[in-house]
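Coordinate analysis (summary)
Chain by chain, the residues:
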Amino acid sequence: MKIQPRFQYEGERTRTISFPLGGLGTGSLGLAGNGALVDWDIFNRPSKGSHNGFSHFAVSVIDGEQTIDARVLNGDHEGPYEGQHGSENFYSGFGWGPHRETMVGMPHFRDTRFTGTFPIAQLEFLDSDFPGAISLTASNPFIPYDDRASGMPAAFFEFQVTNSTHRPLSYQFSCALTNPFPVDPVNHFTESEGISSLVLAGEGTSLEGSGQLCVAVESGSVSYQEHWYEGGWFDELEVYWRDLGDPAGFRNRRHPEKKNASTMTGVLATRIECLPGETKTVRFVLGWYIPQCRRFWDRQPLGPGETFTDEEKLAMAKPWKNWYSVVWPSVTAVVQEALDRWDTLWQRTKEFRDVLFSSSLPDSSLDAVSATLSVLKSATVLRLEDGSFYGWEGAGAKLGSCEGTCTHVWSYAQSLAFLFPHLEQGMRSVEYRYNLGPEGGMSFRTMLPLGSPAWRFRACVDGQFGTVLRVYREWKVMGNREWLTSIWPAVKSSVAFAWHPGNPDAWDPDRSGVIVGRQHHTLDMELFGPNSWLTGMYLAGLKASAELATILGDSTFAAECQEVFQRGKVRLDTELFNGSYYGQVLDLTSPSTIAAYDSDVGDMFGNSLLKSYWSQEHRQIKYQVGGGLLIDHALAQWHAGLYGLGEIFDPDQLRVSLKALWTNNRKRSMRREANPCRVFSLNDEEGMVICTWPEGSQRPGIPIPYAQETMTGFEYAAAALLVQSSMVDEGLSLVEAIRSRYDGKKRNPWNELECGSNYARALSAYSVLLAVSGFVFDADRGILGFRPAIEKPWSFFWSALGGWGSATMTENRFDLVLKGGSIALEQLVLPELTAGMDLLVKVDEEPVPIKVDTGGIQLGSKVVVHHKIEVEFSRSF
């Protein structure tokens, strides 16, 4: 695959890069733009800005019996040169220069060229006076549907060197690794089954003190040191550099009596011989094994005045295992498998990357779809002992940000559901098992360890009905009737909570189809009165529930949901559309709207409702949309369009509303915009803000929180909805605006921010691919196809129904190629089909009988496809 310039970073554009390398739910370490190993988020929590002591890669060049060059495999340090703020340690921090552990004071390469096409990073080390050419390819397996291979707690590094001189040379590649474990640290070298490993362990009994870190290579011309020299001042690095330059390689040094060391660094090296013009490769695997987790963060109380019982405190203190520690018995087992299966894992990962990046999307959209997948390999997510997938909203510097796989955030995420659908399905099972209250209200945060007391802040409208929509999506992606049957009573209860008399927020007590009560939502406060955003989510949830109930033979509930949906849709399109856009209907000056709830806690900070929501100075209810235009005013139609649910908003009115959104909320420069909130775009950067008040509309004195922010997860959803509504150029230009902010110079391309790093809502970017390709899927009915928003020829990555691969259409031919899995297909949907068209269809190279109508190509009973489908048209269309 030819890499486009868009994905290459040089000079200042490498400054912020930290490319996550790790498995699904294992944590990761970052490959910096200059080649440094940073952000060691592998210890079951984030560790942004960390270097893990002196850990790094290096190369030395030997000509005969003389070392002629030795360098750290890093490029120039991009700053800051004064040192980092925030450190109180003597001889480190601001005023002392960069940390010595960054190795910036040692010889290194002048420049680097970083190419990032997630899940693969490539790095060229550039310096005209180095005797050779060196590049690095770094990755971790990322193979749709294969969560085991994609969940290895390891980073894969392959160095390639070409001898550009006219004489034979030896190149020694080495990895120095610091033992990070604070209690009873032990370093030891081991050789087994053709693999040489340096294992750094913590043998303490506490969770914080136990674990393993390992670097491994295939056995051959290997040398090692279990310990660097340890002395005072700068002795360790002084002696290490001399050892690195020894043409005979490293000689082992061991300090068996050394315990409780602040740093214990070892090194593993391998040497290769290169003739003039010859190219060779060296492979390292860096694995980690931190088997047990515990709840190390604070837990909020159940509610005002409530406390935890001793039994509940004991339950919350109970540790649990990482999923990977159930699959692999040790770090040496991880690295052994990684090296044994390297070629297969690399080929499958590259295959995924190449198919994805061959999709007919602008480079900026491919960048968005691929780069945001890195969230799944970051410290934002965990996999629990039983394999359940769990996520924070994002990652702070040292702690996760906003725990609990928050439903109102994760409802935006689309990537996992299509690439690893059984993991997404498992998330729904966990949510309905642990978070459902007796009346049907759901906690929107799952507490760890599983089985802990539920988080009892009020239910959340967009999260609760977003979860119903995701059940519908998971059903369409996988078609697992047994699973759907098992969770249906809980889903049904959560839908009926809208009108349940025990609902303290009185969402829709009259079954009118419109949410009217107190409505918590992802912008962290409450809306009151009818609004298109949350009512739309409710209506989409009702429509999805009606379909699911019908499938399961629950005709009474199906009819009830359909009736409430129809009543609500009429009101949505008449009462909540003002002629220009959909919005909120509320008298901001009436305190009686909130008076009914004043006995309850008003916000997440424990304040009363009147204190939280009534502004005496403005004589208004605070934190409302009023006459504003929300970026998410029609979010439900985005969900519905992605999952084949059909119409929620009137299409003509929706298009008018989206044009208003584009005119008002899209900002071509932030320079003149007043933003009192968090700043995710600034100066002349572009983006789409959360809420605006078009000319002539009522703007609250204190509006909805975050109104002036640009948050990428919202922006991607809006972009995909624009594409779905035939505003393709507008939608794709919005994606371009987002990704231009994450350019490597200003922000890390593989870390989109919201409430912390690696923010989960950014996984909505995958919806851009779904919208542009017009992806159609229904596993139960055996339907798969495409209704693209662009003209042919086109090619798209796809994944659903148990398989994944490429789909390509030219003037007179269509090819669906499976790269993994298989699919059971009854109907193939393609654009511009007409009844009676003369087609030749082959499944796995065998012609099959078909019938063509406007719905698609009917294959009769389900046909299992293992490799490919070919469709040849006798005439162009």
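Quick summary incoming for the structure in this document. Keep in mind that what you see is a predicted model, and the values were worked out from it rather than measured. (Residues numbered from 1 in each chain as written. Predicted model: local features only at pLDDT ≥ 70, side-chain atom pairs only at ≥ 80, totals over all residues. Heavy atoms only, no water.)

**Structural notes on the side chain of serine 411**
Tracing the backbone shows serine 411 in the loop between helix H7 (407-410) and helix H8 (415-419). On the accessibility criterion, serine 411 (2% relative accessible area) is buried. Engagement of the side chain of serine 411 in a polar contact is seen with the side chain of arginine 470, the distance being 3.3 Å. Ignoring sequence-local partners within four residues, the contact set of serine 411 consists of Asp462, Gly463, Gly466, Thr467, Arg470, Trp638 and His639. (Helix = DSSP H or I, 4+ residues; strand = E, 2+ residues; numbered from the N terminus. Buried < 20%, exposed > 50% of the residue type's maximum accessible area, 1.4 Å probe, protein only. Polar contact = N/O pair within 3.5 Å; in protein donor to acceptor, adjacent residues only side chain to side chain. Contact = heavy atoms within 4.5 Å.)

**Some details on the pairing of strand E17 (residues 279-289)**
In this structure, strand E10 (residues 154-162) lies alongside E17, joined through 9 bridges in antiparallel fashion. Its bridge partner being in E17, threonine 162 is matched across the sheet by threonine 279. Strand direction decides the pairing type here: strand E14 (residues 210-218) and E17, joined by 5 bridges, are antiparallel. Across the sheet, cysteine 214 pairs through a bridge with glycine 287, a residue of E17. (Pairing = 2+ DSSP bridges.)

**Section: a nonpolar patch on the surface**
A contiguous nonpolar surface patch, about 530 Å² in accessible area, is contributed by Tyr91, Trp96, Trp233 and Phe234. For tyrosine 91, the location among the structural elements is in the loop between strand E6 (66-72) and strand E7 (111-117). (Patch = residues over 30% accessible without salt bridge, like charges linked within 9 Å, V, L, I, M, F, W, Y side chains within 5 Å. Areas by Shrake-Rupley, 256 points an atom, 1.4 Å probe, with all protein chains shown as cover. Salt bridge = Lys/Arg side-chain N within 4 Å of Asp/Glu carboxyl O.)

**Description of the packing of aromatic side chains**
Aromatic ring pairs are reported here in terms of the distance separating the ring centres and the angle at which the planes meet. As enumerated under the stated definition, the model contains 55 aromatic pairs in all. Considering the side-chain rings of tyrosine 582 and phenylalanine 649, the 4.8 Å spacing of their centres and the 90° angle between planes classify their relative orientation as edge-to-face. Of this pair, tyrosine 582 sits in the loop between helix H13 (555-575) and helix H14 (592-595) while phenylalanine 649 is found in the loop between helix H16 (635-643) and helix H17 (651-664), placing the two residues 67 residues apart along the sequence. The same class applies to tyrosine 582 as to phenylalanine 649, namely buried. Ring plane angle 25° and centroid distance 5.5 Å describe the contact between phenylalanine 775 and phenylalanine 777, whose orientation is recorded as stacked. Comparing phenylalanine 775 with phenylalanine 777 shows no difference in burial state: the two are buried. Connected via pairs of aromatic rings, a cluster forms that spans Tyr9, Phe19, Phe114, Phe118, Phe142, Phe352, Phe420, Trp750, Phe797 and Trp804. (Phe/Tyr/Trp six-rings, centres within 6.5 Å; stacked < 30°, edge-to-face > 60°.)

**Regarding unusual backbone geometry**
Put simply, phenylalanine 118 and proline 119 share a cis peptide bond, and its omega is 20°. The residue proline 119 is located in the loop between E7 and strand E8 (120-126) in this model. With an omega of 5°, the peptide bond between lysine 792 and proline 793 qualifies as cis. When you line up the elements, proline 793 lands in the loop between strand E33 (783-786) and strand E34 (794-800). In this structure, threonine 405 takes a positive phi of about 45° despite not being glycine. Along the chain, threonine 405 turns up in the loop between strand E23 (400-401) and H7. Phi is positive for asparagine 758, close to 50°, though the residue is something other than glycine. Looking at the secondary structure, you find asparagine 758 in the loop between helix H19 (728-741) and helix H20 (766-773). Taking relative accessible area as the criterion, asparagine 758 reaches 3% and is therefore assigned buried.

**Regarding the side chain of lysine 377**
Position of lysine 377 among the secondary structure elements: in the loop between helix H6 (363-371) and strand E20 (381-383). For the buried lysine 377, no salt bridge exists, and the shortest N-O distance to an oppositely charged side chain is 10 Å, to aspartate 146. Reaching out from lysine 377, the side chain makes a polar contact with the side chain of asparagine 140 at a distance of 2.7 Å. (Lys, Arg positive; Asp, Glu negative; His and termini not counted.)

**Some details on the sheet that holds strand E41 (residues 856-865)**
Judged by pairing direction, the sheet is mixed, and its 5 strands sit side by side in the order E32-E33-E37-E41-E40 without closing on themselves. In the strand order of this sheet, the two ends are held by strand E32 (775-778) and strand E40 (851-853), each with one partner. If you compare each strand with its neighbour and ignore which way they point, the axes differ by 25° on average. One ladder, built from 3 bridges, connects E33 with strand E37 (residues 823-829); its direction is parallel. Across the sheet, residue leucine 784 finds its bridge partner in E37, namely leucine 828. (Axes fitted to C-alpha atoms, helices over the stretch in contact; angles between N-to-C directions.)

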